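Examination of the molecular architecture
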Amino acid sequence: MPRFMRKGALIRLLAVVLAAVSVSSCAVRTDQVARDPNTVRIAVNGWVGYEASAEVLAYILREEMGYEVQLMRVDEQPAWQALDQGVLDVIVENWGHEDLMELYGPEGKGTVVDGGPTGNEGVIGWYVPAYLVEEYPEIATMEGIKEYSELFRTAQTGDSGEFLAGAPGFVTQDQGMINAFDLDLEIVYAGSEASQITEVRRRYANEEPVLFYFYDPQWLQDELDLVKVEFPPYFEGCDDDLEDVPCDYPVYELNKIFRAGFVETGDPAYQFLDNWRWSNSNQNAVARMIADEGLDPSEAAEIWVEENPDVWRDWIPEGYEGR
Amino acid sequence: MATVTRSDSGQTTGNSADGTPLTWTWVQAVIAIAVLVAGYWVSRALGHPGWSGPFPSATGEWFMARMDDLYLWIVLNRNDSPLFLYGFNYVSVGLGSAVVLINQILDFLTWVGVTVLGVLASWRIAGWRVALLVLVTFAVFALTGLWNESMTTLSLIITSVLAALLVGLPLGVLAGRSERFYRGIRPVLDFMQILPAFAYLLPFVLLFGIGNPAAVVVTAVYAMPPAVRITALAIREVDKGAIEATTSLGSTPWQVLTKVQLPMARRTILLGVNQTIMLAVSMVVIASVIGAGGLGDAIYQALAKVNVGQAFQAGVAIVMLAIAMDRVTGAVGHGARTPQIAPRFRLPVLGAGLAIVIASVGVARFLGVDGWPRDLAVDISDPINAFNEWFEAVAGGFTAALGTVTQSFVINPLTAVLTGSPWWLVVLVAAALGWIFAGVRTAVISGVSFVVVGLLGVWTEAMDTLAQVLVAALVTIALGVVIGVLASRSDVFAAILKPILDAMQTLPPFVYLIPAVAFFGLGPVPALVAAVVFALPPVIRLVNDGIRGVPANTLEAGVSQGSTKWQLLTKVELPMARGSLLLAVNQGIILVLSMVVMGALVGAGALGFGVVFGLAQNQFGLGLASGLAIVCLGLFLDRVTQGRRAPRA
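This one's a predicted model, so the numbers in the text were calculated from it and none came from an experiment.

Quick look at the overall build of chain A
- The helix and strand inventory of chain A stands at 15 helices and 9 strands.
- Buried residues in chain A amount to 46% of all 323 residues.
- Across chain A, every contact between residues at least 6 apart in sequence was considered, and the portion connecting residues at least 24 apart equals 73%.

Right, dumping it as structure tokens:
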């Protein structure tokens, strides 16, 4: 048989046309949008660690299991909305968002399902460069920040110190911490992670002071020597009032979020994603290749998959023969 | 690009036309501004008492809370309410499916088929030069390793342009045939064109869903006005004699339209289509913020890793795409380079072309060609990154200092005056400026715009944005006039400038927003720099065209009276080019506004941040209020700079 028949491209095209025709009758739900058959649609949030997970999963789904994969880049909250609308199947690294789980989860609309931990742990916090700690050893503590807040003044913030916040989509409690610890700081929103990193890099190169929102696992942690500022540790309920948060960020056990309809299919692709679990060092290995060595994300994923078959073999559902 | 489309609405006459001396206008304007500054100092001296603060925020909070409720209702009822099941979801699912479908077709053709088809079609339409350009464009897609992304972008553009034309052309025909309809629709079109795209991303995401559907709608809305406007214009310009002749022969109105008006207006209408496509190309990149894939997304992803070189690479692909589409559709419009083929050979040529395409697709599929092999991609991002780093090391210190100075001595004081003055004084001054420059109607519009901004509860942010816009607009116009004048002096300089301006206009702003942070430090300054880069090309073009349009005999008269070159410029050329200059100011300010709000992505804060934050955190109320406030500011700036309209002929 000629190759183009075997690949079933014509059939796929036909399926899409049929899908388009079938949706053009009567009531239309948002999840009826035409899609490529056998395609897993994965949300990609804007940080490299997430991309590393998504690309590795996509690579295995494509090359080992014969699926098509569509990666869609969206912010965290819109990604939940997209699951709800049925245009995405899975978020592969979720940080908290209990409020959204209440709205869309089984207690609410019932359109999304908690898929359990990914095995990665996430830390959010306030960071300063190491050279600053060398000069002012106590600056990496809450008291130190209070004492030296004028160090962080900029032309834009005037008489208050600057606290450089990250992308607008990220989880934050910074204003609550500033209020609770009575710090003389003003939040400056970088507007995007890229501009935040660019600014941090610029200050780092000039050894200027900078205090900013950051997290781990994150590839920049390997490039720059950063120190996390110590705050009283998180305890249950201390972040209930976001205007007054007398504690550090919690340690997040990152989890997966599935579209309920995707779980119901019980598809091998779902089972694979459900089985998937890996460590921070696994993720960092891939993220470093992408961000530091400038590899194409799919290349980085390919290298990792080839080098670590013993890690991912178990994720593939038992008895799966390929399609 | 947008300049052409606006020119029919932006015809302005100066105040000198109705007898008021020009200088008096400016004296009045300066007095109005002096009152504002004095008010600021008085209020400051009194320690900012309650009656002199910013606009009270109670109404704004109420509005945002209602909008958040609306948002929640939509989220909960998107797949239950008939409004969505039988309304919005049709549009969203239809358009979303269309994008997927077109992408599938392009995939099915493989890169070989798409290239052969594109090159042959553009040769038939626009001649071999353009065909060569199209070939180069496809080569850039392939060699940058962005073939798939380019095809996604192409599908998005095709879908949104079709959607825009499907709505826009009939509206244009109606407007061309009915004076009343035209008068009704014109303010709507004006309004659509001063709307910065950022302002309406959020509502469309809510109504049509995240990703491709909303992206297509947003792009179509953004790109539609020129299609309507130019179609209406084209239909109106059809020779009255021809219409009367056919009518007297007993043709029905439908026959007049299809047999006379449309064929005769064809070329002009195609120019409108060309404009629509160009606007769609630039919008499709911005739409990556709301989850549209393709080249815009590639830029966005590269920037997430702060990989300027990679982003630039994708930017080049978009510039090439824009230029190629412009040349092909432009050629359809003027038809100059279309190869002459005798009528009897046309069908065989078409057949042969189709046969070649089918054969190449068949061969390619038989050989199992999929996407362009990634191994064959040429990576230019490393040298660009190296160059960027080198340049940063050389100039970074200076630019950073410049950024700090601009922030401390220009932006901060101006923001302080606008945010620290009593709100009612700002409203009054805005109305006064409207009255001084453009008359009573504009005065009312200006005052109302500012009050609405206050009622929306984003007064402080809006004043912040306004300060940024004023600074950037001033720089843009000053630079634009100087460069425009220089370009009008020297043909060589103008020729060198042209491709640079083309690239500046089509290169997506995302590409240079992030590097600007590395040079000028985070905050409003890099956003302002990006805004200047973005808004300069049309200003330069308009100034250049205006001065070159001054009749030669007028110049000679000046020379023969012994004027110096400087006198010639200031007394003859600039006053004669007044219409173009005013249009340049208007265009410059509107473009600056649309870019400054995008500057929120690099820490410019203010209204743009409300939109970005609203999008990212699902804060619909805040996002919508910020978007509407941007619209109000745009309305004010546009009306004031447009001056008094020429009396309708």
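Now that the structure has been shown, the text picks up again.
Observations regarding the overall build of chain B
- A count of helical and extended segments in chain B gives 25 helices and 2 strands.
- Projected onto its principal axes, the C-alpha positions of chain B cover 85 × 60 × 60 Å.
- For chain B, buried positions account for 54% of its 649 residues.
- Counting only contacts in chain B whose residues sit at least 6 apart along the sequence, the fraction spanning at least 24 positions is 82%.

Observations regarding the confidence of the model for chain A
Residues and elements named next belong to chain A.
- Per-residue pLDDT for chain A has a mean of 83; in total, 89% of the residues score no lower than 70.
- Confidence, expressed as mean pLDDT per element, reaches its minimum in chain A at helix α1 (residues 3-6) with 47 and its maximum at strand β3 (residues 90-94) with 91.
- Across residues 1-6, where pLDDT falls below 50, the model places 8 contacts with residues more than four positions away in sequence or in other chains.

What about the domain arrangement of chain A?
Residues and elements named next belong to chain A.
- Partitioning chain A into domains gives domain 1 (30-121 + 252-315) and domain 2 (122-251).
- Between domain 1 and domain 2, the C-alpha centre-to-centre distance is 29 Å.
- Listed as interface residues are 20 residues of domain 1 and, on the opposing side, 12 residues of domain 2.
- Residue assignment for the side of domain 1 that touches domain 2 shows that the elements contributing at least two residues are α3 (48-64), α4 (76-85), β4 (112-129), β9 (251-259) and α13 (280-291).
- When residues of the side of domain 1 that touches domain 2 are assigned to their parent elements, the largest contribution, 6 residues, is made by α13.
- Its residues placed into classes, the side of domain 1 that touches domain 2 shows 7 nonpolar, 8 polar and 5 charged.

Re the domain arrangement of chain B
All names here are of chain B.
- Examined at the domain level, chain B breaks down into domain 1 (8-52 + 381-645) and domain 2 (77-336).
- Relative to domain 2, the C-alpha centre of domain 1 lies at a distance of 28 Å.
- Taken together, the contact between domain 1 and domain 2 spans 34 residues of the former and 35 residues of the latter.
- Of all the elements in the fold, those that place two or more residues in the side of domain 1 that touches domain 2 are α14 (381-420), α18 (491-506), α19 (510-520), α23 (578-598), α24 (606-617) and α25 (620-642).

Remarks on α19 of chain B
Residues and elements named next belong to chain B.
- With respect to burial, α19 is a largely interior element, 11 of its 11 residues being buried.
- Listed as buried for α19 are F510, V511, Y512, L513, I514, P515, A516, V517, A518, F519 and F520.
- Where α19 ends, the next residue or the one after it, G521, has phi of about 80°, a positive value.

Quick word on the nonpolar core
- The biggest cluster of nonpolar side chains holds 300 residues, and the ones touching the most others in it are I42 of chain A together with L201, I299, A531, V592 and A629 of chain B.
- The greatest single-element share of this core, amounting to 22 residues, is contributed by helix α4 (residues 82-143) of chain B.

Quick look at unusual backbone geometry
Residue and element names in this part refer to chain A.
- For H97, which is not glycine, the phi dihedral falls at a positive 60°.
- With respect to the helices and strands, H97 occurs in the loop between β3 and α5 (98-104).
- Of the residues examined, H97 has 18 C-beta atoms within 10 Å and is grouped as partly exposed.
- The phi dihedral of E207 is positive, around 50°, even though this residue is not glycine.
- The residue E207 is located in the loop between α9 (193-205) and β7 (212-216) in this model.

What about the packing of α24 of chain B against α25 of chain B?
Residues and elements named next belong to chain B.
- With their axes 7 Å apart at the nearest point, α24 and α25 run at an angle of 145° to one another. As for how α24 packs across α25, the hand of that crossing is left-handed. Taking contact as the criterion, the partners of L607, G610, V611, F613, G614 and L615 in α24 are, on α25, F620, L622, G623, A625, S626, G627, A629 and I630.
- A class-by-class count of the residues in the contact of α24 with α25 yields 9 nonpolar, 5 polar and no charged.

Focus on the interface of chain B and chain A
- With 53 residues of chain B at the contact, the number on the chain A side is 51 residues.
- Looking at the side of chain B that touches chain A, the elements with two or more residues in it are α3 (58-77), α4, α11 (295-304), α13 (343-366), α14, α19 and α24 of chain B.
- Sorting elements by how many residues they give to the side of chain B that touches chain A places α4 of chain B first, with 12 residues.
- For the side of chain B that touches chain A, the per-class residue count stands at 27 nonpolar, 22 polar and 4 charged.

So, the environment of Q468 of chain B
Residue and element names in this part refer to chain B.
- Among the secondary structure elements, Q468 is positioned in helix α17 (residues 459-489).
- Accessibility expressed as a C-beta count within 10 Å gives 29 for Q468, which makes it buried.
- Apart from the residues lying within four places of it in its own chain, the contact partners of Q468 are I411, P524, A527, L528, V596, A604 and A606.

Regarding helix α5 (residues 147-177) of chain B
Residues and elements named next belong to chain B.
- Spanning 31 residues, α5 covers 44 Å between terminal C-alpha atoms, matching the ideal 45 Å at 1.5 Å per step.
- Of all the bends in α5, the greatest measures close to 25° and is centred on L165.
- Among the 31 residues in α5, 23 count as buried, and that is most of the element.

A word on the packing of α14 of chain B against α19 of chain B
Residues and elements named next belong to chain B.
- With their axes 6 Å apart at the nearest point, α14 and α19 run at an angle of 65° to one another. Across the interface between the two elements, N388, E392, A395, G396, T399, A400 and G403 of α14 pack against P515, A518, F519 and F520 of α19.
- A class-by-class count of the residues in the contact of α14 with α19 yields 6 nonpolar, 4 polar and 1 charged.

A closer look at the pairing of strand β5 (residues 161-165) of chain A
All names here are of chain A.
- Counting buried residues in β5 gives 4 out of 5 residues, a clear majority hidden from the surface.
- Examined bridge by bridge, β5 and strand β6 (residues 185-189) share 5 bridges and lie parallel to one another. Its bridge partner being in β6, L164 is matched across the sheet by V188.

Concerning the environment of L414 of chain B
Residue and element names in this part refer to chain B.
- Along the polypeptide, L414 turns up in helix α14.
- You can call L414 partly exposed: it has 17 C-beta atoms within 10 Å.
- Dropping the residues within four chain positions of it, L414 is found in contact with A467, L470 and V471.

Conventions and cut-offs
- Residues numbered from 1 in each chain as written.
- Chains lettered and ligands numbered in written order.
- Predicted model: local features only at pLDDT ≥ 70, side-chain atom pairs only at ≥ 80, totals over all residues.
- Helix = DSSP H or I, 4+ residues; strand = E, 2+ residues; numbered from the N terminus.
- Buried ≥ 20, exposed ≤ 12 C-beta atoms within 10 Å, placed from the backbone.
- Contact = placed C-beta atoms within 7 Å.
- pLDDT = per-residue confidence, 0-100.
- Domains from an automatic or database assignment.
- Nonpolar A, V, L, I, M, F, W, Y, C, P; charged D, E, K, R; others polar.
- Core = buried A, V, L, I, M, F, W, Y, C linked by C-beta atoms within 7 Å.
- Axes fitted to C-alpha atoms, helices over the stretch in contact; angles between N-to-C directions.
- Left-handed = near helix turned anticlockwise from the far one by under 90°.
- Expected span 1.5 Å × (residues − 1).
- Bend = angle between axes of the 7 residues up to and from the residue.
- Pairing = 2+ DSSP bridges.

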